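Understanding the architecture of this molecule
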Amino acid sequence: MSCIVVVGSINMDLVTLAPRFPGPGETLLGSRFLTAHGGKGANQAVAAARLGARVSMVGALGRDAFGDQLHAGLAREGIDLAHVARLDGEGSGTASITVADGENQIIVVPAANACVTPAQVEAARETIAHANAVMVQLEIPLDAVEATLRLGHTLGVPVILNPAPAQKLPREWLQLAGYLTPNQHELATALGEDTHADFRDLMRRAPCPVVLTRGGEGAWYRDAVHPEPTKQAGFAVEAIDTTGAGDTFNGALAVFLHEGLPEAVRKACAAAALSVTKLGAQGGMPQQAELDAFLANRPHA
Ligand code: RIB
């Protein structure tokens, strides 16, 4: 069984379904509102847990109603929350999400997520030392991201750095990452390069292995064994809500890394495809059996 540690954000997603995205100053009538559990860190943790991994999370929640619901949700998924702080006087993170035509727009208010510290990462040293992989994203303070990269590197545990939301990052941090998992825009931004540059050239310029996601088209990967960017085609499905597809991809990638990068990327693409077929970031994330059944019908993909 894979052991995975996720250092990252936990949000309550406030989701509105709309016929289209409103323009500045415009009011639209939406068709539905729901709250759904989210946050890039929590989503990646849930994705990995549903695929059979033992998952521990490092993060922070407010001591509010959203915090209680999010904590209970993660516990129901079997995720170890010993390193998730509950903070007095802080709200839990939220994400206001508009979904229109299967696409989304998101505004995140980090709140408690902004209080995740390097000391919390250090406190999880023993857990990280026994993990097969660590995942971290950019919805928590950058000093905690750096601490995760350095600790994983020191302990010889690969860190999957998902550089989302997009930010320019010190090149030295990228060198510490076991894998960088951006989309094209995030890769260009992390490297401080032109966002319109050819994504294969950007992949060649990264100082670490890269797995680049291309939405429904699939993903490309490049590492020491595959020095030229190599494509894994996506799996055709009807997209209802793409929120959390990248997080599902990351969670699955971490779980299946021990099967080799090409197979891990193939399973990650399949898990991400399944995730977009239901509403909510965690709504469509598959269980192991669902993923196996989906892939059994597509043996040559
Ligand atoms: O990646 C999707 C996630 O981004 C949402 O669940 C939302 O909380 C934001 O963090």
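Now for a quick tour of the structure.

So, how was this worked out
Residues numbered from 1 in each chain as written. Predicted model: local features only at pLDDT ≥ 70, side-chain atom pairs only at ≥ 80, totals over all residues. Heavy atoms only, no water. Near = heavy atom within 4 Å. Polar contact = N/O pair within 3.5 Å; in protein donor to acceptor, adjacent residues only side chain to side chain. Areas by Shrake-Rupley, 256 points an atom, 1.4 Å probe, with all protein chains shown as cover. Core = buried A, V, L, I, M, F, W, Y, C linked by side-chain atoms within 4.5 Å. Buried < 20%, exposed > 50% of the residue type's maximum accessible area, 1.4 Å probe, protein only. Contact = heavy atoms within 4.5 Å. Phe/Tyr/Trp six-rings, centres within 6.5 Å; stacked < 30°, edge-to-face > 60°. Helix = DSSP H or I, 4+ residues; strand = E, 2+ residues; numbered from the N terminus. Lys NZ or Arg CZ within 6 Å of the ring centre and 35° of its normal.

We now examine the site of the ligand. Within the structure, the ligand sits among Asn11, Asp13, Gly38, Gly39, Lys40, Asn43, Ala95, Val108, Glu139, Gly244, Asp247 and Ala281. At 2.9 Å, a backbone N or O of Gly39 approaches an oxygen atom of the ligand. At a separation of 3.0 Å, an oxygen atom of the ligand approaches a polar side-chain atom of Asn43. Protein contacts shield 96% of the accessible area of the ligand, which totals 280 Å² for the unbound molecule.

Right, let's talk about the nonpolar core for a bit. Counting residues in each nonpolar core, the largest one holds 49 residues, and the members touching the most others are Ile4, Val55, Ile79 and Val265. In contact with Ile4, not counting residues within four places along its chain, are Ala48, Ala53, Arg54, Val55, Ser56, Ala133, Met135, Ala254 and Val255. The next biggest cluster of nonpolar side chains, apart from the first, holds 41 residues, and it includes Val7, Leu176, Leu180 and Leu191.

One pass over the full model with this rule turns up two aromatic pairs. Ring plane angle 70° and centroid distance 5.2 Å describe the contact between Phe199 and Trp220, whose orientation is recorded as edge-to-face. Taken together, the residues Phe199 in helix α8 (residues 199-205) and Trp220 in strand β12 (residues 218-222) connect sequence positions 21 residues apart. In this structure Trp220 comes out as buried when scored by relative accessible area, which is 13%. Aromatic side chains Phe235 and Phe294 sit 5.6 Å apart centroid to centroid with 55° between the ring planes, which places their arrangement in the tilted category. Of this pair, Phe235 sits in the loop between β13 (230-233) and α9 (245-256) while Phe294 sits in helix α11 (residues 288-296), and the two are 59 residues apart along the sequence. Phe294 shares its class with Phe235; the two are buried. Just above the ring of Trp220 sits the side chain of Arg200; from NZ or CZ to the centre is 5.2 Å. Above the ring of Phe294, the side-chain terminus of Arg298 is found at 3.8 Å from the ring centroid.

A word on the environment of Pro227. Mapped onto the elements, Pro227 comes out in the loop between β12 and β13. In this structure, the C-alpha to C-alpha distance between Pro227 and Ala45, residues 182 residues apart in sequence, is 29 Å.

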